[in-house]
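Residues per chain, in single letters:
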Amino acid sequence: MDLTYTEEEEAFRAGLRAWLSRALPQLPPKPDPLDWPGRRAYDTAWQRMLYDAGYAGLHWPEVAGGRGATPTQHLIYLEETEKAGAPYVGANFVGLLHAGPTIAAEGTPGQRARWLPPVLRGDEIWCQGFSEPDAGSDLAALRTRAVRDGDDYVVTGSKIWTSHAEVADWCELLVRTDPDAPKHRGITWLALPMDAPGITVRPLRTLAGSAEFAEVFLDEVRVPVANRVGAENDGWRVTMVTLSFERGTAFVGEVVACRRTLAALAKTAKANGSWDDSAVRRQLGLLNAEFTALWRLTQWNVSEAQRGGGVPGVGGSVFKLRYSHARQELFDTAARVLGPDALDLDRDLTLDRLSSLSYTIAAGTSQIQRNIVAERILGLPKGR
């Protein structure tokens, strides 16, 4: 693993910093966190600024409309935008981080031409229709059915934890097209237009009070066969491409943010006297080591991806497993440092603590990540 940066990479960093210093003051005030139409407009306006400056889809291949940047340049981009306090991809994260890269890797030339430019410009928003109420953490246990009828699939079923479904134009949808096949082999990946007849979206409110997730109910929704990405019944393999991107560099900016939070906590501890508690100092030191190690692990994963053609590997599961637990430990420690103030729901740290509880479930539960690490990295036999 090479932890140094080349002259070209440092020049890229300098150019990005200069652009951010000019662009960020032009942004309007952030909308209310519960105003999802407003947040969509804010996020897509930022995406358009990135597109006009040549930073949209930075790591996407040029044939897909991206800049063809190396994984290391993408890592620098994520680090610098987080340090500068730039907006996250927000409502557009499924399109930019999941569906878009999957279509770029697996879609036909016509599908790439239709769907990728609107994602990069911020014209269209995607959501993810993977999880189901009765499937638990076993994604392959999905039961939403798609029956072929001429040039369409007729889809019936339901999805849950569908991010930003209420403002999405498209959904990357997993359906079962062969109920008699082994569960991993009868799945198909479809692009679902969210304005199709038969779709009902019901927002879900989280513990933190936000409503970025939704239930989606599908009642004989017709989806053109032309919207299938990959072959029929080959959706599980296509999905693994999606999840490799989700678990690759998707949390990089959050690691940078956690390191900033940790530094702020240390200052708060010194100011309010909790620094005098040796257990608090020890925990803050441990967390500093944890997030430093996670950053190095990210660099290692990026180095591996760069050697492997740009697609993240299973090392992303190691990162995601440890990061999700380290994040919870960080905000548990924050509660200890803040004392009674940790109950103030107007504090960002309090909301972040509530949000952190979901990280051991989001993007694949910790149990699933442990199975991936055991079977695909350590070569252990599959459990029964």
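Refer to the structure presented above.
No experiment lies behind these values; they were computed from the predicted model shown. (Residues numbered from 1 in each chain as written. Predicted model: local features only at pLDDT ≥ 70, side-chain atom pairs only at ≥ 80, totals over all residues. Heavy atoms only, no water.)

Caption draft 1: Looking closely at the side chain of glutamate 132. As for its position among the elements, glutamate 132 is in the loop between β1 (126-129) and β2 (145-149). Of the residues examined, glutamate 132 reaches a relative accessible area of 9% and is grouped as buried. At a separation of 2.8 Å, a polar atom in the side chain of glutamate 132 contacts the side chain of lysine 159. Sequence-distant contacts of glutamate 132, defined by excluding residues within four places in its chain, comprise Leu142, Arg143, Thr144, Ser158, Lys159 and Ile160. (Helix = DSSP H or I, 4+ residues; strand = E, 2+ residues; numbered from the N terminus. Buried < 20%, exposed > 50% of the residue type's maximum accessible area, 1.4 Å probe, protein only. Polar contact = N/O pair within 3.5 Å; in protein donor to acceptor, adjacent residues only side chain to side chain. Contact = heavy atoms within 4.5 Å.)

Caption draft 2: Focus on the pattern of salt bridges. Applying the stated criterion to the full structure yields 21 salt bridges. Arginine 17 is the partner of glutamate 80 in a salt bridge, and the nearest nitrogen-oxygen pair spans 2.8 Å. Note that glutamate 80 is positioned in helix α3 (residues 71-83) and arginine 17 in helix α1 (residues 7-23), a separation of 63 residues in sequence. Residue glutamate 80 is classed as buried on the basis of its relative accessible area of 4%. Between aspartate 169 and arginine 40 there is a salt bridge, with its nearest N and O atoms 3.0 Å apart. Of this pair, aspartate 169 sits in the loop between β3 (152-159) and β4 (170-176) while arginine 40 sits in helix α2 (residues 36-53); the two residues are 129 residues apart in sequence, bridging distant segments of the chain. The exposure class of aspartate 169 is partly exposed, given its relative accessible area of 27%. What makes arginine 40 buried here is its relative accessible area of 19%. Overlapping salt bridges, with partners in common, bring together Glu10, Arg13, Arg17, Glu79, Glu80 and Lys83 in one network. (Salt bridge = Lys/Arg side-chain N within 4 Å of Asp/Glu carboxyl O.)

Caption draft 3: Seen up close, the nonpolar core. The biggest cluster of nonpolar side chains holds 67 residues, and the ones touching the most others in it are Trp46, Trp126, Trp189 and Phe291. Setting aside residues up to four positions removed in sequence, phenylalanine 291 forms contacts with Val255, Cys258, Arg259, Tyr323, Ala326, Arg327 and Leu330. Trp36, Ala91, Ala168 and Leu218 belong to the second-largest nonpolar core, a separate cluster that totals 24 residues. (Core = buried A, V, L, I, M, F, W, Y, C linked by side-chain atoms within 4.5 Å.)

Caption draft 4: Expanded view of a nonpolar patch on the surface. On the surface, Val318, Ile377, Leu378 and Leu380 cluster together into a nonpolar patch covering about 340 Å² of accessible area. Residue position: valine 318 is located in helix α9 (residues 315-338). (Patch = residues over 30% accessible without salt bridge, like charges linked within 9 Å, V, L, I, M, F, W, Y side chains within 5 Å. Areas by Shrake-Rupley, 256 points an atom, 1.4 Å probe, with all protein chains shown as cover.)

Caption draft 5: The packing of aromatic side chains, seen in detail. Evaluation of the coordinates by the stated rule reveals 8 aromatic pairs. The interplanar angle of 45° and the centroid separation of 5.3 Å between the aromatic rings of tryptophan 19 and tyrosine 55 together place this pair among those described as tilted. Of this pair, tryptophan 19 sits in helix α1 while tyrosine 55 sits in the loop between α2 and α3; the two residues are 36 residues apart in sequence, bridging distant segments of the chain. Three or more aromatic residues joined by ring pairs form one cluster here, namely Phe12, Trp19, Trp46, Tyr55 and Tyr77. Sitting above the plane of the tyrosine 5 ring, arginine 13 keeps its charged end 4.9 Å from the centroid. One Lys or Arg, arginine 148, reaches over the ring of tyrosine 153 and ends 5.8 Å from the middle of that ring. (Phe/Tyr/Trp six-rings, centres within 6.5 Å; stacked < 30°, edge-to-face > 60°. Lys NZ or Arg CZ within 6 Å of the ring centre and 35° of its normal.)

Caption draft 6: Examining the environment of alanine 191 more closely. Structurally, alanine 191 is set in strand β5 (residues 187-193). Accessibility expressed as a relative area gives 0% for alanine 191, which makes it buried. C-alpha separation for the pair alanine 191 and valine 225, spaced 34 residues apart in sequence, amounts to 9.5 Å. Once residues lying within four places of it in the same chain are set aside, the contact partners of alanine 191 are Trp115, Trp126, Trp170, Cys171, Val223 and Asn227.

Caption draft 7: Up close: the packing of α2 against helix α5 (residues 109-121). The N-to-C vectors of α2 and α5 enclose an angle of 100°; their axes lie 7 Å apart at closest approach. Taken together, the axes of α2 and α5 lie roughly perpendicular to each other. Along the contact surface, α2 presents Thr44, Gln47, Arg48 and Tyr51, while α5 presents Val119, Leu120 and Arg121. Here the residues of the contact of α2 with α5 sort into 3 nonpolar, 2 polar and 2 charged. (Axes fitted to C-alpha atoms, helices over the stretch in contact; angles between N-to-C directions. Parallel < 35°, antiparallel > 145°, perpendicular 65-115°, else oblique. Nonpolar A, V, L, I, M, F, W, Y, C, P; charged D, E, K, R; others polar.)

Caption draft 8: Summary view of the pairing of strand β7 (residues 213-224). In this structure, β3 lies alongside β7, joined through 7 bridges in antiparallel fashion. Bridge assignment links tyrosine 153 to a residue of β7, and that residue is valine 223. (Pairing = 2+ DSSP bridges.)

Caption draft 9: Quick look at α3. Here α3 is 13 residues long and its end C-alpha atoms lie 18 Å apart, about the 18 Å a rise of 1.5 Å per residue gives. Counted residue by residue, α3 has 12 buried out of 13 residues, so it is predominantly covered. Restricting attention to buried positions, one finds in α3 the residues Pro71, Thr72, Gln73, His74, Leu75, Ile76, Tyr77, Leu78, Glu79, Glu80, Thr81 and Glu82. At the exit of α3 stands glycine 85, carrying a positive phi of roughly 75°. (Expected span 1.5 Å × (residues − 1).)

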